[in-house]
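One-letter residues, chain by chain:
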Amino acid sequence: MKARVTVMPKAGVLDPQGKAIGHALAGLGFAGVGEVRAGKVIELELAETDPAKAKAEAEAMARKLLANTVIESFSVTLD
Amino acid sequence: MKAAIVMFPGTNRERDMALALQRATGRKPAILWHRDTELPQGTDLVVLPGGFSYGDYLRCGAMAAQSPIMRAIHDFAGRGGHVLGVCNGFQMLVEAGLLPGALLRNASLRFLSMDCHMRVERTDTAYTGRFQRGQVFRATMAHGDGNYFADEATLDRLEGEGLVALRYATADGQVTETANRNGSARNIAGILSPNLRVLGLMPHPENQVDPLIDGTDGLPLFEGLAEALAPA
């Protein structure tokens, strides 16, 4: 089973990377872009076949390592 | 004082740190590997030096914080041991939960390689005993992710409990926005654990310990440690 962990900077945490991307988009002439936030996606191939257990497992991994919950939030989706 | 420096794949400041400690204590520190599971008998100080452990993958210090030696360092700190983390070592300490907060990308998005000044906020610690309160000393910063962040409640607690050890300041001691090159919350350059025995800071005091090479601004930190942790 595949789990996809999306890690994003928490609201209120400065995201200079997102800001720089936003500036670059404006520079390229893309108008109407509001706030840009940049995070990361981590795909996990899991042996677990039970979706609920797989999700719980991926969430535990996110809490322990994949995300730093001081500055990042995460969400898990299963494929 | 028996010091031990821990190396991880990608650590690159262990030699400068060893020279600084040797200059202050007269003895060579032990060099440990991240796969080691225990500290040498009688270790007084563990140092996590700077570098780019694990290529800064995932987040700076995140991989190192999960390595085998970290369990021993957690135990050591729990028993009241002294742990110093510089630059990447500071990042490891926050990732390992030994200090609060996190180190974000520099606000400018630029890697900062330059001298900075830090103001000493308290002197009753093993690290700062050789400085005067409010004294400013010069050190070199060399980091891309040194922008200290913590939520307001944590920052207020750090301030309230006097756990901010060092703040970015001008050479004459003014805590200003321009002195705060990486954008750290409240100009924080270094913080202490509640028992004052764990210190993390971004700039490199080990760069300035030799009068022939860029002066000795950082030497009091190491001499203070050697004095405070000398065998009774």
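The rules behind each value
Residues numbered from 1 in each chain as written. Chains lettered and ligands numbered in written order. Predicted model: local features only at pLDDT ≥ 70, side-chain atom pairs only at ≥ 80, totals over all residues. Heavy atoms only, no water. Contact = heavy atoms within 4.5 Å. Buried area = accessible area lost by both parts, 1.4 Å probe. Salt bridge = Lys/Arg side-chain N within 4 Å of Asp/Glu carboxyl O. Pairing = 2+ DSSP bridges. Helix = DSSP H or I, 4+ residues; strand = E, 2+ residues; numbered from the N terminus. Axes fitted to C-alpha atoms, helices over the stretch in contact; angles between N-to-C directions. Core = buried A, V, L, I, M, F, W, Y, C linked by side-chain atoms within 4.5 Å. Buried < 20%, exposed > 50% of the residue type's maximum accessible area, 1.4 Å probe, protein only. Right-handed = clockwise from strand over helix to strand, strands pointing away. Polar contact = N/O pair within 3.5 Å; in protein donor to acceptor, adjacent residues only side chain to side chain. Disulfide = S-S within 2.5 Å. Expected span 1.5 Å × (residues − 1). Arc of directions from axis to C-beta.

J.: I keep staring at the interface of chain B and chain A and nothing clicks. Help me out?
T.: The figure often quoted for interface size is the accessible area lost as the parts come together. In this complex, chain B contributes 14 residues to the contact, which on the side of chain A involves 16 residues. Buried area between chain B and chain A, both sides added, is near 1200 Å², and the carbon and sulfur share of it is 67%. Summed over the shared surface of chain B and chain A, the number is 1 salt bridge. Close ionic contact of glutamate 72 of chain A with arginine 59 of chain B constitutes a salt bridge, the shortest N to O distance being 3.7 Å.

J.: Mind showing me how you'd approach the sheet that holds strand S2 (residues 40–45) of chain A here?
T.: Adjacent strands of a sheet form backbone hydrogen bonds with each other and so pair up, either parallel or antiparallel. Residue and element names in this part refer to chain A. A sheet is described by the order of its strands in space; here 3 strands give the open sequence S2-S1-S3, paired in antiparallel fashion. The strands lining the two open edges of the sheet, one partner per strand, are S2 and strand S3 (72–78). Sheet twist, expressed as the mean angle between neighbouring strand axes with direction ignored, is 20 degrees. Here strand S1 (residues 2–9) pairs with S2 via 6 bridges, running antiparallel. Residue pairing in the sheet places threonine 6 in a bridge with valine 41 of S2. The sheet contacts of helix H2 (residues 51–66) involve S1, S2 and S3, and relative to S3 the element is tilted by about 155 degrees.

J.: How should the sheet that holds strand S3 (residues 45–48) of chain B be read in this particular structure?
T.: Residues and elements named next belong to chain B. Strand order in the open sheet formed by 9 strands is S2-S1-S3-S4-S11-S10-S9-S6-S7, with mixed pairing between adjacent strands. With partners counted over all chains shown, the strands left at the sheet margins are strand S2 (30–33) and strand S7 (136–143), one partner each. The average undirected angle you get between the axes of adjacent strands in this sheet is 25 degrees. One ladder, built from 8 bridges, connects strand S6 (residues 112–120) with S7; its direction is antiparallel. Looking at the pairing, cysteine 116 lines up with alanine 139 of S7. Sheet strands touched by helix H3 (residues 88–95): S3, strand S4 (82–86), strand S10 (188–192) and strand S11 (198–201). Its angle to S4, the strand with the most contacts, is close to 120 degrees.

J.: Just checking my understanding: could you explain the nonpolar core for this structure?
T.: Among soluble globular proteins, nonpolar side chains are generally buried collectively. The biggest cluster of nonpolar side chains holds 71 residues, and the ones touching the most others in it are Leu21, Leu45, Ile73, Leu84, Tyr148 and Leu225 of chain B. With 6 residues, the top contributor of residues to this core is helix H2 (residues 68–78) of chain B. Filtering out sequence-adjacent residues up to four positions away, leucine 225 of chain B remains in contact with Met1, Leu45, Leu84, Ala126 and Tyr127 of chain B. If you look at the next biggest cluster of nonpolar residues, it comprises 12 residues, including Ala3, Ile42, Ala67 and Val76 of chain A.

J.: Looking at this model, I keep getting lost on the pairing of strand S9 (residues 164–169) of chain B. Mind explaining?
T.: Residues in a regular strand project their side chains so that they alternate between the two faces of the sheet. Residues and elements named next belong to chain B. With 6 of 6 residues buried, S9 lies mostly within the body of the structure. The pairing of S6 with S9 spans 4 bridges and is classified as antiparallel. Following the sheet pairing, valine 120 is matched in S9 by leucine 166. Note that S9 and S10 share 3 bridges and pair antiparallel.

J.: I would appreciate a short explanation of the pairing of S2 of chain B in the present structure.
T.: All names here are of chain B. Inspection of the sheet shows strand S1 (residues 3–7) paired to S2 by 4 bridges, in the parallel sense. Along S2, the bridge assignment pairs alanine 4 with alanine 30. After leaving S1, the chain enters helix H1 (residues 14–25) and then returns to the sheet as S2, a path that is right-handed.

J.: In this structure, what is going on with the environment of glutamate 206 of chain B? I would like to understand it.
T.: Residue and element names in this part refer to chain B. The residue glutamate 206 is located in the loop between S11 and helix H5 (219–228) in this model. The buried category is assigned to glutamate 206, whose relative accessible area is 3%. If we skip the residues at most four places from it in the chain, glutamate 206 touches Arg13, Asp16, Met17, Ala20, Val86 and Phe222. In this structure the side chain of glutamate 206 is engaged in a polar contact, spanning 2.7 Å, whose partner is the side chain of histidine 204.

J.: Where do I start with the pattern of salt bridges in this structure?
T.: Pairing between side chains becomes possible if they bear opposite charge and their charged atoms approach one another. Residue and element names in this part refer to chain B. Under the criterion given, the structure shown has 20 salt bridges over all chains. Among the ionic pairs, arginine 167 bridges to glutamate 121, the shortest N-O distance being 3.0 Å. In this pair, arginine 167 is assigned in strand S9 and glutamate 121 in the loop between S6 and S7, connecting sequence segments 46 residues apart. Like arginine 167, the residue glutamate 121 is buried in the burial classification. For aspartate 124, the salt bridge is made with arginine 122, and the minimal N-O distance between the two is 2.7 Å.

J.: Explain the state of the cysteines to me, please; I cannot follow it from the model alone.
T.: What is meant by a disulfide is a covalent connection between two cysteines, made through their sulfur atoms. Residues and elements named next belong to chain B. Here the structure, examined in full by the defined rule, presents 0 disulfides over all chains. Cysteine cysteine 60 is unpaired, with the sulfur of cysteine 87 as its nearest cysteine sulfur at 8.6 Å. In this model cysteine 116 remains outside any disulfide bridge; the closest cysteine sulfur is found in cysteine 87, 11 Å from its own. Judged by its relative accessible area of 5%, cysteine 116 falls in the buried class.

J.: Is there a simple way to explain H1 of chain B in this structure?
T.: In an α-helix, one turn spans 3.6 residues, which is why side chains three or four residues apart end up on the same side. All names here are of chain B. The end-to-end C-alpha distance of H1, which contains 12 residues, comes to 16 Å, matching closely the 16 Å that a straight helix rising 1.5 Å per residue would cover. Where H1 is concerned, the buried positions are Glu14, Met17, Ala18, Ala20 and Leu21. What you see down the axis of H1 is that its buried residues fit within an arc of 165 degrees, all on one side. Within H1, the exposed residues directed more than 90 degrees away from the buried face are Arg15 and Leu19. Against the buried residues of H1 lie S1, S3, S4 and H5. Directly beyond the C-terminal end of H1, a positive phi value near 80 degrees is found at glycine 26.

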